[in-house]
Amino acid sequence: EGSYYLDLSANYPIAEGLTLNAHVGYQKYANSANKNFTYTDYKLGLTKDLGNGWSAMAYYSDTNAKDAGYLISGVNGNKNLGDGQFVVGVSRSF
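Bear in mind that the values here come from a model prediction, so they are computed numbers and not experimental data.

## Section: the overall build of the chain
At step 1: Scanning the chain from N- to C-terminus turns up 1 helix and 7 strands.
At step 2: Helices and strands in the chain line up, N terminus first, as β-β-β-β-α-β-β-β.
At step 3: Its C-alpha atoms put the chain at 50 × 35 × 25 Å along the principal axes.
At step 4: Each of the 94 residues in the chain was classed as buried or not, and the buried ones make up 17%.
At step 5: Of the accessible surface of the chain, which amounts to about 6,900 Å², a share of 56% is contributed by carbon and sulfur atoms.
At step 6: Distance between charge centres in the chain, computed from 7 positive and 8 negative side chains, equals 3 Å.

In structure tokens, the structure reads:
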């Protein structure tokens, strides 16, 4: 009770078939014992309409998530699941 997620997203056409995508979110956990799980996230990217239901996208996403709440151990050491990453993809709607 009292936890919430705020989302502010926008998609802005910048050229024929090309859209700028932006997002900022804030996850708040009400219980003070969970303060390490509260974070802000953001994403900035582009989506290109390829026609016939196909689209391509590329974006960068990151958070200020603290290691104490989102750290996992792996073969190559520890990794914060909230660390920034660049993503590229292709999708089709039908």
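Next comes the rest of the account.
## Here we look at the side chain of His23
At step 1: Tracing the backbone shows His23 in strand 2 (residues 18-28).
At step 2: Given a relative accessible area of 13%, His23 falls into the buried group.
At step 3: For His23, the side chain forms a polar contact with the side chain of Ser9, separated by 3.1 Å.
At step 4: Engagement of the side chain of His23 in a polar contact is seen with the side chain of Asp41, the distance being 2.6 Å.

## Quick notes on the packing of aromatic side chains
At step 1: Tallying each qualifying case throughout the model produces 3 aromatic pairs.
At step 2: Here the aromatic rings of Tyr4 and Tyr26 are separated by 6.2 Å at their centres, their planes lie at 50 degrees, and the arrangement is tilted. Separated by 22 residues along the polypeptide, Tyr4 in strand 1 (residues 4-15) and Tyr26 in strand 2 bring together distant segments of the chain.
At step 3: Centroid distance Tyr42 to Tyr60: 6.5 Å. Interplanar angle 45 degrees. Geometry classified as tilted. Here Tyr60 lies in strand 4 (residues 54-63) and Tyr42 lies in strand 3 (residues 39-51), a separation of 18 residues in the sequence.

What counts, and where the lines are drawn
- Residues numbered from 1 in each chain as written.
- Predicted model: local features only at pLDDT ≥ 70, side-chain atom pairs only at ≥ 80, totals over all residues.
- Heavy atoms only, no water.
- Helix = DSSP H or I, 4+ residues; strand = E, 2+ residues; numbered from the N terminus.
- Buried < 20%, exposed > 50% of the residue type's maximum accessible area, 1.4 Å probe, protein only.
- Areas by Shrake-Rupley, 256 points an atom, 1.4 Å probe, with all protein chains shown as cover.
- Lys, Arg positive; Asp, Glu negative; His and termini not counted.
- Charge placed at Lys NZ, Arg CZ, Asp CG, Glu CD.
- Polar contact = N/O pair within 3.5 Å; in protein donor to acceptor, adjacent residues only side chain to side chain.
- Phe/Tyr/Trp six-rings, centres within 6.5 Å; stacked < 30°, edge-to-face > 60°.

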